[in-house]
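Tertiary structure, described
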Amino acid sequence: MHPCLPFLLLCLAAAVPLASPSTNPDVALLLTKIKPALQGQRPNAELATWNASTPLCLWRGLRWATPDGRPLRCDASSSSSSSTRANLSLASDPALLLVSIRLPAAALAGRLPPDLGAFSALDSVYLAANALSGPVPLELGNAPALSALDLAGNRLTGTLPPSIWNLCDRVTELRLHGNAFTGAVPAPAGPNTTCDRLRVLDLGANRFSGGFPTFLTAFRGLQRLDLGGNRLEGPIPEALAGMATTQQQQLQALNVSYNNFSGQLPPAFAGSRFTADSFQGNDPSLCGPPLRQCVSASGLSSRGVAGMVIGLMAGAVVLASVSIGWAQGRWRRDGRIRRRDDAERDEMLDSVDDGQDASSSEGRLVVFEGGEHLTLEEVLNATGQVVDKASYCTVYKAKLASGGGSIELRLLREGSCKDAASCAPVVRRIGRARHDNLVPLRAFYQGRRGEKLLVYDYFPRSRTLQELLHGGAGGGGEPAAAGRPALTWARRHKIALGAARALAYLHAGQGEAHGNVRSSNVVVDDLFVARLAEYAVDRLLVPAAAEAVLAAAKADGYKAPELHSMKKCSARTDVYAFGILLLELLMGRKPSSSSSSSAGGGAARAAMDLPSVVKVAVLEETALEEVLDAEVVKGLRVSPAEEGLVQALKLAMGCCAPVAAARPSMAEVVRQLEESRPKNLHPRSALYSPTESRSDAGTPTTA
């Protein structure tokens, strides 16, 4: 034997995390199979705690329990060596079971391991907003205890395995939104599958094709269904409308928009809760309430047309009409596919870089996902109304002449924007960013005289977080204005979690900062889903205009201390701004910089340096109820500490740490907010679903 061989074998044994015979089987599976698969080729900071030298109860993103359901907790006196050894020894306790994996926005870049289906007690898997690729393994459908699966916002591909419906007897939510799945939505292998426990099914923003998956109409417990932003075609079945009108089935949210569905909607939709938003962006022939009435070219109703067809039309006319309709539909579908193509879009942006506009004397319109239906003529001829003015742009609500609804146009001020060559790469990044909690860029217009327009979905200005908190109420405990919804702690927590998820996605998935986090840039819909606006706009501006944006952030109290010298936003400055936003939600007060908050009178009471207010309250031992917004306290059913308010306040102050390195990452913020949900709500309550409303796979929203 070579004299160095024993030493090499010893080194290899130390480097490979092999499980000893006494290791808990779930622990061994995590170390040998799950961790290597999820992290991919590079070590992942979120998975660094999964090692033999860290107590099992501190492994990031995991929850453990005993067979009788008692959760695993670290020994409170773990500072002592004996307690530390006791905590470390838990990894060899065969009775402990893995019950949950929660790693949203954790920069995971590997694949889904088939061994996820081998855990006997694994109840929930939340891996949204990562960069996982590859297919969904067949074995995942055989997980014996899985009741919640969230894989939204990854890069998963291939066809969905039919074995996924094996989870039907226990799964309550299945989220696969925003991946790249192809092929038809597979039907369950067994006949008469009803998936009685399934409440939320989100397959939106993928590439599913084929007809409507009619087997879904047999899912008796389904409350939220999202199929938007796919390539499904054909008619929408009558049974889908029945899901919202029968007593046995109460479908509350539906999105089939931005597919290729055609024909007449079932009449039962006329009396349902669903609006045109649920069906928009399909084949132009799709008609019937809540969309437009089905009318022929002569203005007759669909019933009249049917009579005429039966009595008068000849076979040759029918054949010609069908041929023309097929050709038009094929042309429209091919046009949408061509406009979606990234290579063509990049070529258009490159031509903008070079100042070329040969194809149009009016300039160029570059469309992104969800804006494929927009045309240059429609955008330029839209009827606009000024709704806001910023230092760098004028904001318009624009009504499309085609009756397609409203869009938001941001006309960048002359001299505030960089040259076309510098703007194009930034526009690419903004246009490709897609997350349920982001306001997406739908199109970008460059005029032949250099004018620039950013096209977004339109959201009413009255629905920003700033307006909801301060627009009709004075803040700091004044009663809500008439018509303003009550902002309970559960709703504020949901808004904060949505904004945090968006930032975590940008920091991990896009690799850059938002740059202008503030309550006026948080849009809140009727279901209290938060969406961040103005992502990366500061990167389009010349230095003077970008500094004006920072100056406004400073005056409003969102500017991190290091920006006084750096003059450039980063992920850490976003975290600081989010901390101020979270304090604003908790305290109900307008933030301001320390210098501007020294003014006297009512303005000082309305706008304050929020971190300083909290520090003073701690020093003076002020009751927590006096620090929090009265509306938050009023809506509590238990003590503030039990509702997670103390943890939220600590988290906000940690985000506002003066030293940037001391602030948590947004992935950590998401994790802590996930773990401090209000106690009076079930963890899988619909209030916390990331996509309660439509998936926003397209635009425009109706006015």
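Keep in mind it's a predicted model, so treat the numbers as computed, not measured.

Calculation notes
- Residues numbered from 1 in each chain as written.
- Predicted model: local features only at pLDDT ≥ 70, side-chain atom pairs only at ≥ 80, totals over all residues.
- Heavy atoms only, no water.
- Helix = DSSP H or I, 4+ residues; strand = E, 2+ residues; numbered from the N terminus.
- Buried < 20%, exposed > 50% of the residue type's maximum accessible area, 1.4 Å probe, protein only.
- Contact = heavy atoms within 4.5 Å.
- Areas by Shrake-Rupley, 256 points an atom, 1.4 Å probe, with all protein chains shown as cover.
- 1 Å grid on protein atoms, 1.4 Å probe; cavity = no way out; pocket = protein on both sides within 12 Å on 5 of 7 lines; lining within 4 Å.
- Points joined across faces, edges and corners; volume = space filled by probe spheres on them.
- Nonpolar A, V, L, I, M, F, W, Y, C, P; charged D, E, K, R; others polar.
- Polar contact = N/O pair within 3.5 Å; in protein donor to acceptor, adjacent residues only side chain to side chain.
- Disulfide = S-S within 2.5 Å.
- Pairing = 2+ DSSP bridges.
- Axes fitted to C-alpha atoms, helices over the stretch in contact; angles between N-to-C directions.
- Parallel < 35°, antiparallel > 145°, perpendicular 65-115°, else oblique.
- Salt bridge = Lys/Arg side-chain N within 4 Å of Asp/Glu carboxyl O.

The next subject is the overall build of the protein. Broken down by element type, the protein carries 20 helices and 24 strands. The buried share of the protein, taken over its 703 residues, is 51%. Here the contacts in the protein between residues at least 6 apart in sequence split such that 65% fall between residues at least 24 apart. As displayed, the protein has an accessible area near 30,700 Å², and 56% of this comes from carbon and sulfur atoms.

By the definition in use, this model includes 9 cavities of 30 Å³ or more. Size it by volume and the second largest cavity reaches roughly 110 Å³. Listing elements by their share of the lining of the second largest cavity, those giving two or more residues are helix H12 (543-555) and helix H14 (571-587). Each residue belonging to the lining of the second largest cavity can be placed in one class, and the counts come to 9 nonpolar, 3 polar and 2 charged.

The subject of this paragraph is the side chain of Asp629. Residue position: Asp629 is located in the loop between helix H17 (624-627) and helix H18 (630-634). Polar side-chain contacts of Asp629 include one of 2.8 Å to the side chain of Arg492.

Before going further, it helps to examine the state of the cysteines. The full count for this structure, using the stated rule, is 2 disulfides. For Cys287, the disulfide goes to Cys294, at an S-S distance of 1.9 Å. Around the S-S axis, the bridge from Cys287 to Cys294 shows a dihedral of about 100° and counts as right-handed. An identical accessibility class is assigned to Cys287 and Cys294; each is buried. Among the cysteines around Cys423, which has no disulfide bond, Cys417 carries the closest sulfur, lying 3.1 Å off. Note on Cys423: relative accessible area 2%, which makes it buried.

Let us now look at the sheet that holds strand S2 (residues 97-102). Strand pairs in the sheet, formed through backbone hydrogen bonds, run parallel or antiparallel to each other. Sheet architecture is open: 8 strands sit in the order S1-S2-S3-S5-S7-S9-S11-S13, paired in mixed fashion. At either margin of the open sheet sits one strand with a lone partner, and together these are strand S1 (62-65) and strand S13 (253-255). Direction aside, the axes of adjacent strands within the sheet are offset by 15° on average. Bridge count for strand S9 (residues 200-202) against strand S11 (residues 224-226) is 3 bridges, and the pairing is parallel. Counterpart to Val200 in the pairing with S11 is Arg224. Its contacts with the sheet place helix H2 (residues 25-39) against S1 and S2, and it is angled at close to 165° to S1.

Okay, the pairing of strand S18 (residues 406-412) next. Counting buried positions along S18 yields 6 of 7 residues, so the element is predominantly enclosed. As paired elements, strand S17 (residues 393-399) and S18 share 7 bridges and run antiparallel to each other. In the strand pairing of S18, Cys393 is matched with Leu412. Bridge count for S18 against strand S20 (residues 452-457) is 5 bridges, and the pairing is antiparallel. The residue bridging Glu408 from the neighbouring strand is Tyr456, located in S20.

A few words on the packing of helix H11 (residues 489-510) against H14. Put simply, H11 and H14 touch, their axes get as near as 10 Å, and they point 175° apart. Compared by their axis directions, H11 and H14 come out roughly antiparallel. In contact with Trp489, Arg492, Ile495, Ala496, Ala499, Ala500, Leu503 and His507 of H11, H14 contributes Ala571, Asp574, Phe578, Leu581, Leu582, Leu585 and Leu586. Its residues assigned to classes, the contact of H11 with H14 comprises 12 nonpolar, 1 polar and 2 charged.

This brings us to the environment of Pro290. Looking at where Pro290 falls in the secondary structure, it is placed in the loop between strand S14 (260-261) and helix H5 (302-311). In sequence terms Pro290 and Gln280 are 10 residues apart; their C-alpha atoms lie 9.9 Å from each other.

Counting buried positions along helix H20 (residues 666-675) yields 7 of 10 residues, so the element is predominantly enclosed. Taken together, the buried positions of H20 are Met666, Ala667, Glu668, Val669, Val670, Leu673 and Glu674. Turning to H20, the residues buried within the fold contact S2, H11, H14 and helix H19 (645-655).

As a further point, take the pattern of salt bridges. Tallying each qualifying case throughout the model produces 24 salt bridges. Residues Arg60 and Glu46 are paired through a salt bridge, measuring 3.2 Å at the closest nitrogen-oxygen approach. You can see Arg60 sitting in the loop between H2 and S1 and its partner Glu46 sitting in the loop between H2 and S1, a full 14 residues away along the chain. For Arg60, a relative accessible area of 23% gives the class partly exposed. Judged by relative accessible area, which is 13%, Glu46 ranks as buried. Note that Arg663 and Glu562 form a salt bridge whose closest N and O atoms lie 2.8 Å from each other. Taken as a pair, Arg663 in the loop between H19 and H20 and Glu562 in the loop between H12 and helix H13 (563-566) lie far apart in primary sequence, 101 residues in all. Across this residue pair, the class does not change: Arg663 and Glu562 are buried. Via salt bridges that share partners, Glu46, Arg60, Glu668, Arg671 and Glu675 belong to a single interconnected network.

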